[in-house]
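# Structural features, examined
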There are 2 protein chains.
Amino acid sequence: MTLAPRRPGTPRGRDAVRKGGRTRAAILVAAEKVFSEGGYRAASVASIAEAAGVSQQGLLYHFPSKEALLLNLLAERDRPADDADATGLAVLDELSSQFSSSMQAPELLRLLTIIVSEALAEDHPAHLYVRNRSADVHADLVERLGRGVADGQIRPDADLDIDVVLIRALINGLSVEWLFNQDFDAVAAFDRFLRLLRDGLQPPQ
Amino acid sequence: MTLAPRRPGTPRGRDAVRKGGRTRAAILVAAEKVFSEGGYRAASVASIAEAAGVSQQGLLYHFPSKEALLLNLLAERDRPADDADATGLAVLDELSSQFSSSMQAPELLRLLTIIVSEALAEDHPAHLYVRNRSADVHADLVERLGRGVADGQIRPDADLDIDVVLIRALINGLSVEWLFNQDFDAVAAFDRFLRLLRDGLQPPQ
DNA sequence: GTCTATATGTGGATAGAC
DNA sequence: GTCTATCCACATATAGAC
């Protein structure tokens, strides 16, 4: 629908194309779908191209390699929640609602969950990405929970590093379990854990 | 070293070969190693054969396909602990020591952990295996914990299905975390969780 | 920007000799 | 039981036309 002429390669100044154009967006949608089915290795560039409605080489014009496609996809979809700013025990409530939200986008959840385990291999294209992402999330949670120690909401002898590992491990493990078998209430299970943890964090009265 | 003649295909009656011969055993050892690195899909039959010291076709004489190799490996290595017979809250202590033991065999732990997520895909050769194995473990834990309800050790309103999901999800999640980064004490983290859970299971005094 | 054609590699599995 | 030789499907990526 663009009537004015435009030189190839020129960045276009309209909303619809602000992030790189229709085709590129369609490829990312297709990549999310196909990568989420069986991870990076099981997916082929051709199948993603087909799902996006372009040829394989049309795809490779926008992303120079399969690896670059995955990394761009992660950078674009795996955004940290920008409203994650609770501190102290309120972090636990925030985690509950974030977990609940993540299950409203099962395809993205499945993509991220599968990639984490697949990326255990050091030669996996997302190995460093997952490692850094985990470390960032960990440090952020420890820091924000830690502010609850300062104001006496959390007992001073709490080992927040261990508890944050528990939180992150459980989110990952429950996601796997839920992706395998959706007839249990993963949010209720997570909330059960958060109650147990809260009881363990509160100072003795 | 077998001096007596032996017809091909005849089952041999000696200890060293009770389970199928040296070559077969060497192939299973190699398969455990290679599959544990990056899962089923990333492994090639040729690389397993090379690690076992046979040709690819020598391997395929013993296992008719890559898929059969994985399934045989799982059937042979993923044995349930035969001394898992605790009941009530003692199940939690048993789980702690089982988890600790599993980390003494990091290669097997890595194999099993990676396969679980990889097998989320319905066309994965181990999909049904993992599904059934999880269900069996789940039912067994619920049953043995449940006997603690009968004798008043565990509060009668406990939701053991949810708590067993937490246990299994956490074991998987902590395994992933530990395989990524071995400089934290995964057993201490698991024990911390088990203490929280125990406090939540005990009847109000 | 998107395509056809193709280079190049690697995978799993079969046939048949020894 | 183990090997060599080979087949065939499929994968990623490049070259170049339009």
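Since the model is a prediction, treat every value here as computed from it, not as a measurement. (Residues numbered from 1 in each chain as written. Chains lettered and ligands numbered in written order. Predicted model: local features only at pLDDT ≥ 70, side-chain atom pairs only at ≥ 80, totals over all residues. Heavy atoms only, no water.)

## Considerations on the overall build of chain A
When helices and strands are counted, chain A shows nine helices and zero strands. Start at the N end of chain A and walk to the C end: the helices and strands fall as α-α-α-α-α-α-α-α-α. With respect to the three principal axes, the spread of C-alpha positions in chain A is 70 × 35 × 30 Å. Residues classed as buried in chain A amount to 45% of the 205 residues present. A fraction of 68% describes how many contacts in chain A between residues 6 or more apart in sequence connect residues 24 or more apart. When the accessible surface of chain A is split by element, carbon and sulfur atoms take 52% of a total near 10,600 Å². (Helix = DSSP H or I, 4+ residues; strand = E, 2+ residues; numbered from the N terminus. Buried < 20%, exposed > 50% of the residue type's maximum accessible area, 1.4 Å probe, protein only. Contact = heavy atoms within 4.5 Å. Areas by Shrake-Rupley, 256 points an atom, 1.4 Å probe, with all protein chains shown as cover.)

## Some thoughts on the packing of aromatic side chains
For the structure shown, the criterion picks out seven aromatic pairs over all chains. The interplanar angle of 55° and the centroid separation of 5.0 Å between the aromatic rings of Phe99(A) and Phe190(A) together place this pair among those described as tilted. Placement of the pair is Phe99(A) in helix 5 (residues 90-102) and Phe190(A) in helix 9 (residues 186-201), with a sequence separation of 91 residues. Grouping residues by exposure puts Phe99(A) and Phe190(A) together as buried. Judged by centre distance (5.8 Å) and plane angle (20°), the ring pair of Phe35(B) and Tyr40(B) falls under stacked. Here Phe35(B) matches Tyr40(B) in class, with each residue buried. By the ring-pair criterion, three or more aromatic residues cluster together here, those being Phe99(A), Phe190(A), Phe193(A), Phe99(B), Phe190(B) and Phe193(B). In this structure, Lys66(A) is placed above the aromatic ring of Tyr40(A), and the distance from its NZ or CZ to the ring centre is 4.4 Å. (Phe/Tyr/Trp six-rings, centres within 6.5 Å; stacked < 30°, edge-to-face > 60°. Lys NZ or Arg CZ within 6 Å of the ring centre and 35° of its normal.)

## Comments concerning the protein's contact with DNA strand C
Surveying the vicinity of DNA strand C reveals 18 residues, the closest of which are Thr23(A), Ser55(A), Gln57(A), His62(A) and Val45(B). Within 4 Å of the protein, the contacting atoms of DNA strand C are 51% sugar and phosphate, with bases supplying the remainder. Contact distances for DNA strand C include 3.1 Å between a phosphate oxygen and a side-chain N or O atom of Tyr61(A). One nitrogen or oxygen atom from the side chain of Gln56(B) is found 3.1 Å from a base nitrogen belonging to DNA strand C. Going through the elements one at a time, helix 3 (56-62) of chain A together with helix 3 (56-62) of chain B are the ones with two or more residues in the surface near DNA strand C. Considering each element in turn, the surface near DNA strand C owes the most residues, four residues, to helix 3 of chain A. Tallied by class, residues from the surface near DNA strand C come to five nonpolar, 10 polar and three charged. (Near = heavy atom within 4 Å. Polar contact = N/O pair within 3.5 Å; in protein donor to acceptor, adjacent residues only side chain to side chain. Nonpolar A, V, L, I, M, F, W, Y, C, P; charged D, E, K, R; others polar.)

## Focus: the relation of the copies chain A and chain B
Note: a rotation about an axis with an accompanying shift along it relates these two copies of the chain. Superposing chain A onto chain B requires a rotation of 180° together with a translation of 0.0 Å along the rotation axis, leaving an RMSD of 0.0 Å. When the rotation and shift are considered jointly, the pair of chain copies conforms to a two-fold rotation axis. Of all interface residues in chain A, 100% are interface residues in chain B too; the two copies therefore contact each other through one and the same surface. (Least-squares fit on C-alpha atoms with pLDDT ≥ 70 in both.)

## Side note on the UniProt feature "domain: HTH tetR-type" (unreviewed entry) in chain A
Using the residue numbers shown here, the UniProt feature "domain: HTH tetR-type" (unreviewed entry) corresponds to residues 21-81 of chain A. Taken as a whole, residues 21-81 of chain A contains 79% helix and 0% strand, while its terminal C-alpha atoms sit 25 Å from one another. (UniProt positions renumbered as here; feature names shortened; annotations may be inferred.)

## Description of the interface of chain A and chain B
Facing 37 residues of chain A, the contacting portion of chain B comprises 37 residues. At the boundary of chain A with chain B, total buried surface from both sides reaches about 3,200 Å², with 71% on carbon and sulfur atoms. Contact with chain B buries area across many residues of chain A, yet Leu120(A), Phe180(A) and Arg192(A) alone supply 23% of it, more than any other trio. Across the chain A-chain B interface, the total number found is four salt bridges. Among the salt bridges present, the one from Arg192(B) reaches Asp163(A), with a minimum N-O distance of 2.7 Å. (Buried area = accessible area lost by both parts, 1.4 Å probe. Salt bridge = Lys/Arg side-chain N within 4 Å of Asp/Glu carboxyl O.)

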